[in-house]
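Fold and geometry: a report
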Number of protein chains: 2
Amino acid sequence: MISTINLKSKMNEIRGKHCSPIDIVRVNDQIVRLSYVDGEFHWHKHTIHDELFYIIKGKLVIQLKNQQDITLSEGQMTVIPKGIEHCPKSLEPSYVLLFEPFGLLSHGD
Amino acid sequence: MISTINLKSKMNEIRGKHCSPIDIVRVNDQIVRLSYVDGEFHWHKHTIHDELFYIIKGKLVIQLKNQQDITLSEGQMTVIPKGIEHCPKSLEPSYVLLFEPFGLLSHGD
């Protein structure tokens, strides 16, 4: 059954649940996740996959070790390539879409 | 080089260019595309991949043959599974993010 996915109602589901992403939908071998970020995550990297961040609401800094940090506002996205250490930190409570391969841990190594 | 991708400036690039998506960024084996839709596309299906539609701005109907049409407003998404015939049609000029495998034609069969 093909259906409409309403991200606003999904945002209500995860409000206040820092860095506990929920699965939204699978597309091909990827999974779309939605995460609420209010504060800092932890430094990590994904060894075998890239991770896309897309800001639905809020403002997020992705701290990086070997280049300037990336600041993302609503409507902005970036891809952190595999192997790159990063640490997301919200500048205000944020809702972030994540795209990753299906079946992999989202917390990284 | 990891950089911020600003969809608002990408939207300016494609304004008025009906169903001529541009590539935004590659993530794993997928490509994120952005399309401007002002009117109807054509009936087609993708035989070997699913296609995700996410509405950045506007309102889009995805016409389907064997179930009720899907209407998508800003902040809503759907996935059309492989093999399903569909025909997108905008109800107002719309900007749509598409996720598909990298290297495949976006126009379908």
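So, here is what we can say about the structure in this document. (Residues numbered from 1 in each chain as written. Chains lettered and ligands numbered in written order. Predicted model: local features only at pLDDT ≥ 70, side-chain atom pairs only at ≥ 80, totals over all residues. Heavy atoms only, no water.)

Things to note about the interface of chain A and chain B
- Across the contact, 38 residues belong to chain A and 38 residues belong to chain B.
- Buried area between chain A and chain B, both sides added, is near 2800 Å², and the carbon and sulfur share of it is 59%.
- Three residues stand out in chain A for area buried against chain B, namely Ile2, Asn28 and Met77 of chain A, and they jointly supply 26% of the buried area on that side.
- Our enumeration of links across chain A and chain B arrives at 0 salt bridges.
- In this assembly, chain A and chain B are joined by 14 residue pairs in polar contact (both at pLDDT 80 or more).
- Contributing elements (two or more residues each) for the side of chain A that touches chain B: strand E1 (5-6), strand E2 (22-27), strand E3 (30-37), strand E4 (51-64), strand E5 (70-73), strand E6 (76-80) and strand E7 (86-101) of chain A.
- For the side of chain A that touches chain B, the class distribution of residues is 22 nonpolar, 11 polar and 5 charged.
- Here 2 bridges tie E6 of chain A to strand E1 (residues 5-6) of chain B, and the two strands are oriented antiparallel to one another. The residue of E1 of chain B that forms the bridge with Gln76 of chain A is Asn6 of chain B. (Contact = heavy atoms within 4.5 Å. Buried area = accessible area lost by both parts, 1.4 Å probe. Salt bridge = Lys/Arg side-chain N within 4 Å of Asp/Glu carboxyl O. Polar contact = N/O pair within 3.5 Å; in protein donor to acceptor, adjacent residues only side chain to side chain. Helix = DSSP H or I, 4+ residues; strand = E, 2+ residues; numbered from the N terminus. Nonpolar A, V, L, I, M, F, W, Y, C, P; charged D, E, K, R; others polar. Pairing = 2+ DSSP bridges.)

So, the packing of aromatic side chains
- According to the stated counting rule, one finds 4 aromatic pairs over all chains in the structure shown.
- The interplanar angle of 5 degrees and the centroid separation of 4.1 Å between the aromatic rings of Phe99 of chain A and Phe99 of chain B together place this pair among those described as stacked. In this pair, Phe99 of chain A sits in strand E7 while Phe99 of chain B sits in strand E7 (residues 86-101), so the two residues belong to two different chains. Taken as a pair, Phe99 of chain A and Phe99 of chain B share a single burial class, namely buried.
- Between the NZ or CZ atom of Arg26 of chain A and the centre of the ring of Phe102 of chain A, over which it lies, the distance is 4.0 Å.
- Between the NZ or CZ atom of Lys65 of chain A and the centre of the ring of Trp43 of chain A, over which it lies, the distance is 4.7 Å. (Phe/Tyr/Trp six-rings, centres within 6.5 Å; stacked < 30°, edge-to-face > 60°. Buried < 20%, exposed > 50% of the residue type's maximum accessible area, 1.4 Å probe, protein only. Lys NZ or Arg CZ within 6 Å of the ring centre and 35° of its normal.)

Thoughts on the nonpolar core
- Ranked by size, the top nonpolar core spans 36 residues in total, and within it Leu52 and Met77 of chain A together with Leu52 and Met77 of chain B carry the most contacts.
- The contact partners of Met77 of chain A, leaving out residues within four places of it in the chain, are Leu52, Phe53, Tyr54 and Leu72 of chain A together with Ser3, Thr4, Ile5, Leu7, Ile24, Val25, Val32 and Leu97 of chain B. (Core = buried A, V, L, I, M, F, W, Y, C linked by side-chain atoms within 4.5 Å.)

So, the environment of Ile70 of chain B
- Checked against the element boundaries, Ile70 of chain B lands in strand E5 (residues 70-73).
- The class for Ile70 of chain B is buried, based on a relative accessible area of 5%.
- For Ile70 of chain B and Leu60 of chain B, which are 10 residues apart along the polypeptide, the C-alpha to C-alpha distance reads 8.2 Å.
- Residues contacting Ile70 of chain B, with those up to four places away along its chain left out, are Ile2, Ser3 and Thr4 of chain A together with Leu60, Val61, Ile62, Leu64 and Thr78 of chain B.

Some words on helix H1 (residues 7-14) of chain A
All names here are of chain A.
- Listing the buried residues of H1 in full gives Leu7, Met11 and Ile14. Seen from one end, H1 has its buried residues packed into an arc of 70 degrees, which puts them on one side.
- With a side-chain oxygen lying 3.1 Å from the backbone nitrogen of Lys8, the N-terminal cap of H1 falls on Asn6.
- Positive phi appears at Gly16, one or two residues downstream of H1, with a value of about 85 degrees. (Arc of directions from axis to C-beta.)

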